[in-house]
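# Observations on chain architecture
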Amino acid sequence: ADGATIQLGYGALPGAVATCLTDHKHLGIHTEMFVDNMRVLMECGAVDNSQKTLHPGKSIYTFCAGTKETYQFLHENPDIEAYPVEYVNDPYVIGRNDKMVTINATVAVDLTGQACSESIGGRQYSGSGGQADFVRGAFLSDGGQSFLGTYATAKGGEVSCIVDMLPQGSVVTTARTDIDMVVSEFGVAELKGRSLRDRAQALIAIAHPK
């Protein structure tokens, strides 16, 4: 929504979401990682940080992962401020941004809402990063929402990413008590505050039909 403050996690999926935000207005940024698409959103005017309730007028980040153009954009830019991770990722700090919207990727979600975002079974695939921090921060935000995105299947459609039970050895990155929205190419499952039965039905509805 216009006026939201956004965080984007690592990966192609959050980056793809950012490309759809160029027509929005008065967005803000409070994120652990500043990426190329955030530069694009600032350059096109979609992000101006004018409606932020914390650090108005400033994009807030901890580290950058991007192209040379993005590092040049950050250099001595008065509209951007970097802070230590213990501040930027503090859920209570994140929650001081009204309408905080966090967008992260996950590998698999079970029918209770547990999200594994850093391992494939017992094999470590990535790190936890700030996903849990930002999910909890959005929970504390007035009007906040958190979205975890996943493809419905992996391995060319042979494996479901929405499962009855996470594979043995899987790491739970985001707890079922924190999770809000799960998104696949088949829709959105709203899980916050719902019973286990309702969660399972919502997640089955966004799984691959096969």
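Residues numbered from 1 in each chain as written. Predicted model: local features only at pLDDT ≥ 70, side-chain atom pairs only at ≥ 80, totals over all residues. Heavy atoms only, no water.

A contiguous nonpolar patch, built from Tyr-92, Phe-139 and Leu-140 and spanning about 360 Å² of accessible area, is present on the exposed surface. Judged by relative accessible area, which is 46%, Phe-139 ranks as partly exposed. (Patch = residues over 30% accessible without salt bridge, like charges linked within 9 Å, V, L, I, M, F, W, Y side chains within 5 Å. Areas by Shrake-Rupley, 256 points an atom, 1.4 Å probe, with all protein chains shown as cover. Salt bridge = Lys/Arg side-chain N within 4 Å of Asp/Glu carboxyl O. Buried < 20%, exposed > 50% of the residue type's maximum accessible area, 1.4 Å probe, protein only.)

As a further point, take the sheet that holds strand β17 (residues 187-190). Sheet architecture is open: six strands sit in the order β2-β1-β7-β12-β16-β17, paired in mixed fashion. Lying at the two open borders of the sheet, with one neighbouring strand each, are β2 (28-29) and β17. Here helix α6 (residues 131-140) sits on the sheet and contacts β1 (5-8), β7 (100-105) and β12 (145-149); the angle it forms with β7, its principal contact strand, is near 150 degrees. (Pairing = 2+ DSSP bridges. Helix = DSSP H or I, 4+ residues; strand = E, 2+ residues; numbered from the N terminus. Contact = heavy atoms within 4.5 Å. Axes fitted to C-alpha atoms, helices over the stretch in contact; angles between N-to-C directions.)

Our next topic: the pattern of salt bridges. Summed over all chains, the structure comprises three salt bridges. A salt bridge links Glu-43 to Arg-39, with the nearest nitrogen and oxygen atoms 3.2 Å apart. Placement of both Glu-43 and Arg-39 in helix α2 (residues 36-43) is noted, with a separation of four residues, approximately one turn of the helix. Here Lys-192 and Asp-180 are joined by a salt bridge, their closest N and O atoms 3.9 Å apart. Pair noted here: Lys-192 is in the loop between β17 and α7 (196-205) and Asp-180 is in the loop between β15 (162-163) and β16 (181-184), with a separation of 12 residues, a long-range link. Residue classification places Lys-192 among the partly exposed residues on the basis of a relative accessible area of 35%. Judged by relative accessible area, which is 6%, Asp-180 ranks as buried.

A word on the side chain of His-55. By the secondary structure assignment, His-55 is in the loop between α2 and β4 (59-61). A distance of 2.8 Å separates a polar atom in the side chain of His-55 from a polar atom in the side chain of Tyr-87. If we skip the residues at most four places from it in the chain, His-55 touches Ile-60, Glu-81, Tyr-83 and Tyr-87. (Polar contact = N/O pair within 3.5 Å; in protein donor to acceptor, adjacent residues only side chain to side chain.)

Time to look at α6. Buried within α6 are the following residues: Gln-131, Ala-132, Phe-134, Val-135, Gly-137 and Ala-138. Looking at the packing, one finds that the buried side of α6 touches β1, α4 (85-88), α5 (91-94), β7 and β12.

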